[in-house]
Amino acid sequence: MTLGYPLAAKQMGNHFAMTDVSSDLVFRRSKEVGKAVYQNRALSKAGISERLFAFLFSGLVYPQIWEDPDVDMDAMQLGQGHRVVTIASGGCNILAYLTRSPARIDAVDLNAAHIALNRMKLEAVRHLPSQGDLFRFFGAADTSHNSEAYDRFIAPHLDPVSRHYWEHRNWRGHRRIGVFDRNFYQTGLLGLFIAMGHRTAKFFGVNPARMMEARNIGEQRRFFNEELAPVFERKLLKWATSRKASLFGLGIPPAQYDSLITSGDGTMASVLKARLEKLACDFPLENNYFAWQAFARRYPEPGEAALPAYLEKHNYDTIRGNIDRVAIHHANLIEFLAGKDAGAVDRFILLDAQDWMTDDQLNALWSEITRTASAGARVIFRTAAEPSLLPGRVSTSLLDQWTYESDASREFSARDRSAIYGGFHLYVKCAA
């Protein structure tokens, strides 16, 4: 993975203006991420850890998003006419939401690599000739001519900043877009983290890919119990995962690590074991493309098992017809909402971003959410630990304007196929 992002831009919606092409952008590009992460002095142990995370997070982190869009759409009761604000991340879920034909989706992200990925996905949907071409580009592994498809069909329609990102050459002279000629999902921090997980398991004599030989839930559980679970009892793995930097590849900053560890027995190994057990054992492999990425390191082929919604053939015409309803914004979410009119948003998707936030940031965010929320608006988010993090941290004068749907939240959390979060949470705006 290369961390450089050679062009910075000021952006509003889909409009760009070049502002800088400088050699020190490798540091500048993490500045906005740092604002969201830094909670300690720079030279403290915690502060150094936060700054290392911000540096790594400013490159490509999520080649795919690890929140289940089926759960999202059901929890939001997403439908026609809804105005949505979401964090962009890898962009898969944004395209999935288009299957419900909302009126508008504003996707916001601080990470410039994610912005470039999202913008390329939109142009790919618009301009690749067919659904089969879209699947080959984003779904198939080892399609050697994807970069040629990019040059012919996508690049001419990309904004200059995103195009520069994908056509940037590394020290070997290879363009960044070339990762789509191999397996894009084995890149980024998340891809490298999964690869390290496989290498670690193999070091202890276990091949995680053998999970894919399971023919039913019972065989999935047997493989987990007999092969994978014992790895988490190894002292070396417990020691390694006790270091906060060990989970940077999952996009987990130091503050979220502290929250995550509270959901186990005090060791990160036990938490990771529990999350992997859910991924491995709670859903049939034919219904869980997250498990395919974790264990097979790829998506299934069409007809082999379920695919992300935006890659399913039956959704293609709807998504393509609705693609112009999406706008991508390189911005801070709080600042973006501050520019919205009161009552202008019906659905908010925060992913797990609040786990990063200080109390002041949470209150600023929920002030803007409450101001911009329409009557009956819905907010969904996930947390590393099981409970909602809002009570006791966000002002009661704000939370009193919302109803926390506790039973529904537990149900949706259990249904989340990605399995890496402790809790899924749904808040509904009270009637005036």
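Calculation criteria
Residues numbered from 1 in each chain as written. Predicted model: local features only at pLDDT ≥ 70, side-chain atom pairs only at ≥ 80, totals over all residues. Heavy atoms only, no water. Helix = DSSP H or I, 4+ residues; strand = E, 2+ residues; numbered from the N terminus. Buried < 20%, exposed > 50% of the residue type's maximum accessible area, 1.4 Å probe, protein only. Contact = heavy atoms within 4.5 Å. Areas by Shrake-Rupley, 256 points an atom, 1.4 Å probe, with all protein chains shown as cover. Pairing = 2+ DSSP bridges. pLDDT = per-residue confidence, 0-100. Axes fitted to C-alpha atoms, helices over the stretch in contact; angles between N-to-C directions. Parallel < 35°, antiparallel > 145°, perpendicular 65-115°, else oblique. Nonpolar A, V, L, I, M, F, W, Y, C, P; charged D, E, K, R; others polar. 1 Å grid on protein atoms, 1.4 Å probe; cavity = no way out; pocket = protein on both sides within 12 Å on 5 of 7 lines; lining within 4 Å. Points joined across faces, edges and corners; volume = space filled by probe spheres on them. Phe/Tyr/Trp six-rings, centres within 6.5 Å; stacked < 30°, edge-to-face > 60°. Lys NZ or Arg CZ within 6 Å of the ring centre and 35° of its normal. Patch = residues over 30% accessible without salt bridge, like charges linked within 9 Å, V, L, I, M, F, W, Y side chains within 5 Å. Salt bridge = Lys/Arg side-chain N within 4 Å of Asp/Glu carboxyl O. Arc of directions from axis to C-beta. Polar contact = N/O pair within 3.5 Å; in protein donor to acceptor, adjacent residues only side chain to side chain.

K.L.:
Kindly report on the overall build of the protein, identifying the contributing residues and their values.
P.N.:
The helix and strand tally for the protein stands at 20 helices and 9 strands. Split into buried and exposed, the 432 residues of the protein put 56% on the buried side. Excluding contacts between residues fewer than 6 apart, the proportion of contacts in the protein whose partners are at least 24 apart in sequence is 72%. Per element, the accessible surface of the protein, about 18,200 Å² overall, is 52% carbon and sulfur.

K.L.:
Break down the pairing of strand β9 (residues 423-429) for me, with residues and values.
P.N.:
Where burial is concerned, most of β9 is hidden: 7 out of the 7 residues are buried. Burial along β9 is two-sided: the face carrying Gly423, His425, Tyr427 and Lys429 and the face carrying Phe424, Leu426 and Val428 are both buried. Note: strand β7 (residues 373-383) against β9, 6 bridges, orientation antiparallel. Across the sheet, Arg382 pairs through a bridge with Phe424, a residue of β9. As defined by bridge partners, strand β8 (residues 402-404) adjoins β9 across 3 bridges and the pair is classed as antiparallel. Within the sheet, the bridge partner assigned to Trp402 lies in β9 and is Lys429.

K.L.:
Please set out the environment of Phe232 residue by residue, giving values where relevant.
P.N.:
With respect to the helices and strands, Phe232 occurs in the loop between α11 (217-228) and α12 (235-241). Each C-alpha atom, one on Phe232 and one on Ser270, is 7.0 Å from the other, the two residues being 38 residues apart in sequence. Apart from residues no more than four positions distant in its own chain, Phe232 is found in contact with Leu237, Lys238, Ala269, Leu272, Lys273 and Leu276.

K.L.:
Can you lay out the confidence of the model for the protein for me, pointing to particular residues and giving the numbers?
P.N.:
The predicted model of the protein averages 85 in pLDDT, with 81% of residues at 70 or higher. Note that pLDDT drops below 50 for residues 1-34; the model gives that stretch 79 contacts with residues more than four away or on any other chain. Ignoring residues within four places in sequence, the model shows residues 45-56, a span with pLDDT below 50, making 39 contacts including any to other chains.

K.L.:
Outline the packing of helix α6 (residues 112-127) against helix α9 (residues 160-167), supporting the account with residue identities and numerical values.
P.N.:
Contact pair α6 / α9: the axes reach a minimum separation of 9 Å and the direction vectors enclose 105°. Classified by the angle between their axes, α6 and α9 sit roughly perpendicular to one another. Listed contacts from α9 to Ala113, Ile115, Ala116, Leu117, Arg119 and Met120 of α6 are Ser162, Tyr165 and Trp166. Taken together, the residues of the contact of α6 with α9 sort by class into 7 nonpolar, 1 polar and 1 charged.

K.L.:
So what about empty space enclosed by the protein? Which residues, and what values?
P.N.:
What the rule picks out here adds up to 5 cavities of 30 Å³ or more. Along its surface, the largest cavity is lined by Lys278, Arg382, Ser413, Asp416, Ser418, Ala419, Ile420, Tyr421, Gly422, Gly423 and Phe424. Within the lining of the largest cavity, the residues separate by chemical class into 4 nonpolar, 4 polar and 3 charged.

K.L.:
How would you summarise the packing of aromatic side chains if you had to cite specific residues and measurements?
P.N.:
Counted by the stated rule, this structure contains 19 aromatic pairs. Here a set of aromatic residues connected by ring pairs shows up, and it is made of Trp66, Phe137, Phe138, Tyr165, Trp166, Phe180, Phe184, Tyr185, Tyr289, Phe290, Tyr299 and Tyr310. Directly above the ring of Tyr165 sits Arg176, whose terminal nitrogen or CZ lies 4.0 Å from the centroid. Across from the ring centre of Trp402, 5.8 Å away, lies the NZ or CZ of Lys429, which sits over that ring.

K.L.:
Give a description of a nonpolar patch on the surface that names residues and reports values.
P.N.:
Nonpolar side chains collect at one region of the surface, where Phe203, Leu236 and Trp239 lie side by side and expose about 390 Å² of accessible area between them. Along the chain, the position of Trp239 falls in helix α12.

K.L.:
Which residues make up helix α8 (residues 146-154), and what values do they have?
P.N.:
For α8, every residue scored as buried is listed here: Asn146, Ser147, Ala149, Tyr150 and Ile154. When α8 is viewed along its axis, its buried side chains cluster within an angular range of 155° and face the same direction. Opposite the packed face of α8, turned more than 90 degrees from it, sit the exposed residues Glu148 and Arg152. Buried residues in α8 make contact with α6, α7 (131-138) and α9.

K.L.:
So what's going on with unusual backbone geometry? Which residues, and what values?
P.N.:
Although it is not a glycine, Leu351 sits at a positive phi angle of roughly 50°. Examined against the element boundaries, Leu351 turns out to sit in the loop between β6 (345-349) and α18 (359-372). By relative accessible area, which is 6% here, Leu351 ends up buried.

K.L.:
Lay out the environment of Met268 in plain terms, naming residues and giving numbers.
P.N.:
Tracing the sequence through the fold places Met268 in helix α14 (residues 268-281). When its relative accessible area of 2% is taken as the criterion, Met268 is described as buried. In the structure, Met268 is positioned 31 residues away from Leu237 in sequence and 9.6 Å away in space, judged by C-alpha atoms.

K.L.:
Please give an account of helix α15 (residues 289-296) that cites residues and values.
P.N.:
Of all 8 residues in α15, 7 are buried, a share of seventy percent or more. Taken together, the buried positions of α15 are occupied by Tyr289, Phe290, Ala291, Trp292, Gln293, Ala294 and Phe295. Among the residues of α15, the N-terminal cap falls to Asn288, whose side-chain oxygen and the backbone nitrogen of Phe290 are separated by 3.1 Å. In the segment just after α15, Arg297 is the residue with positive phi, at about 65°.

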